[in-house]
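Listed below, chain by chain, are the residues.
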Amino acid sequence: MSDADSQVPLRPGGWSRKQVVGHLIDSASNNHQRFVRAALQGSLEFPGYDQDGCIRVEAAVQGAPWAVLVALWASYNRYLAHIIEHLPEDALQSPCRIGSAEPVTLQFLAQDYLRHLVHHLQQMK
């Protein structure tokens with residue numbers, strides 16, 4: 001995909017592929033911290049996540065080279081897959097609260113991260 005094509009919104013008023021990949025990088029970063037901290041601490045209380053706010057603040061993502069964004073996203077997710085694969089079995093049931101949401105387990109967070117990732121990849125085709 002060309003850099004110019006990656007900047008076109010996927011739907012009117014929606015995010016571009018660059019913005020979606022930027023969001024996925026941000027999500028990887030947030031979830032990296034959640035996975036590791038919950039495994040270390042046995043529980044987790046983490047602030048909520050404002051995805052639209054992050055896209056606004058990270059407006060520079062539209063100017064970043066498409067190839068760089070894709071490479072960062074791919075590398076980060078390979079690393080997260082490794083982390084998830086090696087989470088201690090006894091940590092998977094650690095309670096995690098994100099913002100004001102009801103607590104979920106670390107295992108749920110990891111599975112939900114993957115669902116979220118697949119959702120956005122399907123969006124981008």
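Before reading on, note that the structure itself is shown above.
Residues numbered from 1 in each chain as written. Predicted model: local features only at pLDDT ≥ 70, side-chain atom pairs only at ≥ 80, totals over all residues. Heavy atoms only, no water.

Engineer: Can you walk me through the sheet that holds strand β1 (residues 44-46) in this structure?
Structural biologist: In a beta sheet, neighbouring strands pair by backbone hydrogen bonds and run either parallel or antiparallel. The strand order across the open sheet formed by three strands is β1-β2-β3, and the pairing between neighbours is mixed. Of all strands in the sheet, those with a lone pairing partner are β1 and β3 (104-105), marking the two edges. As paired strands, strand β2 (residues 95-98) and β3 are joined by two bridges and run antiparallel to one another. Bridge pairing in β3 places Pro-95 opposite Thr-105. Sheet contacts for helix α2 (residues 17-41): β1 and β2; angle to β1, the most-contacted strand, approximately 155°. (Pairing = 2+ DSSP bridges. Helix = DSSP H or I, 4+ residues; strand = E, 2+ residues; numbered from the N terminus. Contact = heavy atoms within 4.5 Å. Axes fitted to C-alpha atoms, helices over the stretch in contact; angles between N-to-C directions.)

Engineer: Any chance you could explain the layout of surface pockets here in plain terms?
Structural biologist: Using a probe with the size of a water molecule, rolled over the atoms, empty space left in the structure can be pinpointed. One number sums up the size of the largest pocket: a volume of about 310 Å³. Taken together, 16 residues make up the lining of the largest pocket; nearest its centre are Asn-31, Arg-34, Ile-98, Leu-109 and Asp-112. Listing elements by their share of the lining of the largest pocket, those giving two or more residues are α2 and α5 (106-124). Among the residues forming the lining of the largest pocket, the class breakdown is seven nonpolar, six polar and three charged. The calculated volume of the second largest pocket comes to roughly 200 Å³. If you go around the second largest pocket, the residues you meet are Leu-10, Arg-11, Gly-13, Gly-14, Trp-15, Val-20, Gln-51, Asp-52, His-116, His-120 and Gln-123. Elements that contribute at least two residues to the lining of the second largest pocket include exactly α3 (51-57) and α5. Ranked by residues supplied to the lining of the second largest pocket, first place goes to α5 with three residues. Split by residue class, the lining of the second largest pocket holds three nonpolar, six polar and two charged. (1 Å grid on protein atoms, 1.4 Å probe; cavity = no way out; pocket = protein on both sides within 12 Å on 5 of 7 lines; lining within 4 Å. Points joined across faces, edges and corners; volume = space filled by probe spheres on them. Nonpolar A, V, L, I, M, F, W, Y, C, P; charged D, E, K, R; others polar.)

In short, shape yes, function no, at least from these values alone.
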